[in-house]
Amino acid sequence: MTDRRATLSALLDTVAARAPGAVALIGRNEAITYGNLARRSRAAAAGLAARGVGPGDSVALWLPNGAPCFELLFACARLGATVVAVNTRFRSAEVADLLHRSGARLLALDSGFRGIDFAGILADVDPAALEALDTIVDCGDARAPAGLPGKTAISMDTLRERGLTERDRGSGSAGAVVFTTSGTTAAPKLVLHRQAGLTRHALDVAAGFGFDAPDAVILQMLPLCGTFGLTQALGTIAAGRPIVLQAAFDPDAAVDLIPRHAITHTNATDDMFDRLLSAAGGGEPFGTLRLCGYAAFNAALDALPRKARDAGLPLVGLYGMSEVHALFARRDPADPEPLRTTAGGRPVNPAARVRIVNDTGDRAPVGVSGALEIASSTGFAEYLGNPEATADAFTTEGYFRTGDVGRLTEDGGFAFEARGGDVLRLGGFLVNPKEIEAVVEALDGVSGAQVVSVDTPGGARPVAFVTLSGDIRFDEGALAEACARQLARFKVPARVVALDAFPVTEGANGTKIQRQKLREMAAELLKAAATSATRRT
């Protein structure tokens, strides 16, 4: 028997039945109540069903933060379909990969968002990658919906014209959402979460972060296409409280929204909070805030906790990842500094188990660093289409191998110390360097590529080192421009540097590229460029 309590649609319907007039979403031009959001999701579900979307199908959402994103998320949940989250900053290579591997039948986009040429990006995608796609829904205000030859293009208003679906075909075991994460190959892994886990985690976040306080108002600066943003939004919905939406992060607007709406909670990356503090300009707009969770991605911003404290911005450290959800754990605001602002804390799910394993596979005692492993009923179900990676990700006892390094703490929580491997932290997202390297290596004249990242005051930036084939003339600008056509802006290399050969180390286990040496070279290049720019001004 289907457990309706464990579905996203039941989560929304429960809140809507309890308080249909309560405000759910506050956008630039409208406020939507929970009752209205539930009705809109039923209308969207009827439209999706008329387009042939049903249990087990995939629907890709290439959307900014806004009401259509929520409507379609809950509509898919009602149909037992899975949402594939697509970052609006993705370009042709990334979109092609996601649509092809997920087999999405329908793609929703907003052709009016930030002047992005979504149709042009899709036109650059190999038609073979779009074989399963039959419908494009344009959620923007354009009179002519953006589409492609051979694909049906309709507006969001047209999708809603089929009435309201009454039947709910969702179940706790049905897929809910797919996130992209870093993988061991050029293609990122696709992390599938089921409805039961996503729903349970939303309820845990609502209680664990205080979103369920009767006066709580949450500011949504994070994009809904990632686990960080979606987890916050679903936790707010589970609490039945208002979400103040930014279509995309705007620090100046956020500084105005916080006192205007008496915002009590928000979460963001360190660079976003740094920009928020700069936008405040020494003012005092943060008086209503009581808890702000932040992810420390950028080592160049190690002064942020002090700046935040001086400005009255109540930061606490977090821990999360796509596989176990963002907001998996947080620090207590009452913790002493610097503990309060370090990554880690206690899991919001009381039943979740965290352990640290040493090099011999034994459990490490409190205070001793080792591999961080997590067992939680709210974790991901599988890496879509990759059973080998799924099997490798778990121990025989059911613990997920995070790949991170940490230690247990005396208070019953844990401290995150480092992320394993060579994963890059760019634009608030984890990116496998191989994903960028594959695009660079496919460019004319490039025989090999290695990508590293450098922390700068403006955020982490990727730098690509390449080797060239034959007597090809090296043109850094042309290579960077070619990357920009295929990759999200935050993945485009700040520099492309040609080398005769990559620095290597000969060892017992074979020849290895010295990525640390490349990082040092990249840091020097960007430092020199910054110094030169300062002199010119």
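See the structure shown above.
Quick look at the structure, then. Note that the structure is predicted; figures quoted are calculated from it, not measured. (Residues numbered from 1 in each chain as written. Predicted model: local features only at pLDDT ≥ 70, side-chain atom pairs only at ≥ 80, totals over all residues. Heavy atoms only, no water.)

1. Observations regarding the layout of surface pockets
- In this structure, the second largest pocket encloses a volume near 1,200 Å³.
- Of all the secondary-structure elements, those providing two or more residues to the lining of the second largest pocket are β1 (23–26), α3 (67–79), α6 (156–159), β11 (243–245) and α9 (251–260).
- Ranked by residue count, the leading element in the lining of the second largest pocket is α9, at four residues.
- Residues of the lining of the second largest pocket, tallied by class, amount to 19 nonpolar, nine polar and 12 charged. (1 Å grid on protein atoms, 1.4 Å probe; cavity = no way out; pocket = protein on both sides within 12 Å on 5 of 7 lines; lining within 4 Å. Points joined across faces, edges and corners; volume = space filled by probe spheres on them. Helix = DSSP H or I, 4+ residues; strand = E, 2+ residues; numbered from the N terminus. Nonpolar A, V, L, I, M, F, W, Y, C, P; charged D, E, K, R; others polar.)

2. Some remarks on the packing of aromatic side chains
- All told, the structure shown has 10 aromatic pairs when counted by the stated rule.
- Ring centres of Tyr 319 and Phe 414 lie 5.2 Å apart, and the angle between their planes is 80°; on these two criteria the pair is classed as edge-to-face. Of this pair, Tyr 319 sits in strand β14 (residues 315–321) while Phe 414 sits in strand β21 (residues 414–419), and the two are 95 residues apart along the sequence.
- The buried category is assigned to Phe 414, whose relative accessible area is 1%.
- Note on Phe 380 and Tyr 383: the rings are 4.8 Å apart at their centroids and 45° apart in plane angle, and the pair reads as tilted. One exposure class covers both Phe 380 and Tyr 383, and it is buried.
- Stacked on the ring of Tyr 383, the Lys or Arg Lys 189 has its end atom at 4.4 Å from the ring centre. (Phe/Tyr/Trp six-rings, centres within 6.5 Å; stacked < 30°, edge-to-face > 60°. Buried < 20%, exposed > 50% of the residue type's maximum accessible area, 1.4 Å probe, protein only. Lys NZ or Arg CZ within 6 Å of the ring centre and 35° of its normal.)

3. What about unusual backbone geometry?
- The linkage connecting Glu 337 with the following residue, Pro 338, adopts the cis geometry, with an omega of 5°.
- By secondary structure assignment, the location of Pro 338 is in the loop between β15 (325–330) and β16 (344–347).

4. A few points about the environment of Ala 279
- Along the chain, Ala 279 falls in helix α10 (residues 270–280).
- Residues Ala 279 and Leu 234, spaced 45 residues apart in sequence, show a C-alpha to C-alpha distance of 28 Å.
- Excluding its chain neighbours within four sequence positions, the residues that come into contact with Ala 279 are Pro 251, Asp 252 and Val 255. (Contact = heavy atoms within 4.5 Å.)

5. What about the pattern of salt bridges?
- Taken as a whole, this structure holds 28 salt bridges when the rule is applied.
- Note that Glu 397 is salt-bridged to Arg 355, the shortest N-O span being 3.5 Å. Within this pair, whereas Glu 397 is found in the loop between α12 (387–393) and β20 (400–408), its partner Arg 355 is found in strand β17 (residues 353–357), the two being separated by 42 residues in sequence.
- Exposure remark for Glu 397: the relative accessible area of 48% places this residue in the partly exposed category.
- A salt bridge links Glu 435 to Lys 491; the nearest nitrogen and oxygen atoms lie 2.8 Å apart. Of this pair, Glu 435 sits in helix α13 (residues 433–441) while Lys 491 is found in the loop between α14 (476–486) and β26 (495–498), placing the two residues 56 residues apart along the sequence.
- Given the relative accessible area of 12%, Glu 435 is considered buried. (Salt bridge = Lys/Arg side-chain N within 4 Å of Asp/Glu carboxyl O.)

6. Digging into empty space enclosed by the protein
- Per the stated rule, a full pass over the model turns up one cavity of 30 Å³ or more.
- As for the largest cavity, its lining consists of Leu 61, Leu 63, Cys 69, Phe 70, Leu 73, Val 83, Ala 85, Val 86, Val 177, Leu 224, Cys 225 and Leu 230.
- Among the secondary structure elements, those contributing two or more residues to the lining of the largest cavity are α3 and β4 (82–85).
- It is α3 that contributes the most residues to the lining of the largest cavity, three residues altogether.

7. Notes on the sheet that holds β26
- Read from one edge of the open sheet, three strands run β24-β25-β26, paired in mixed fashion. Looking along the sheet, the strands with just one partner apiece sit at the ends: β24 (446–456) and β26. Ignoring strand direction, the axes of neighbouring strands in this sheet form an average angle of 25°.
- Strand direction decides the pairing type here: β24 and strand β25 (residues 459–468), joined by 10 bridges, are antiparallel. Looking at β25, one finds that Val 451 is bridged to Ala 464.
- Taken strand by strand, α13 contacts β24 and β25, and its axis lies near 140° from that of β24. (Pairing = 2+ DSSP bridges. Axes fitted to C-alpha atoms, helices over the stretch in contact; angles between N-to-C directions.)

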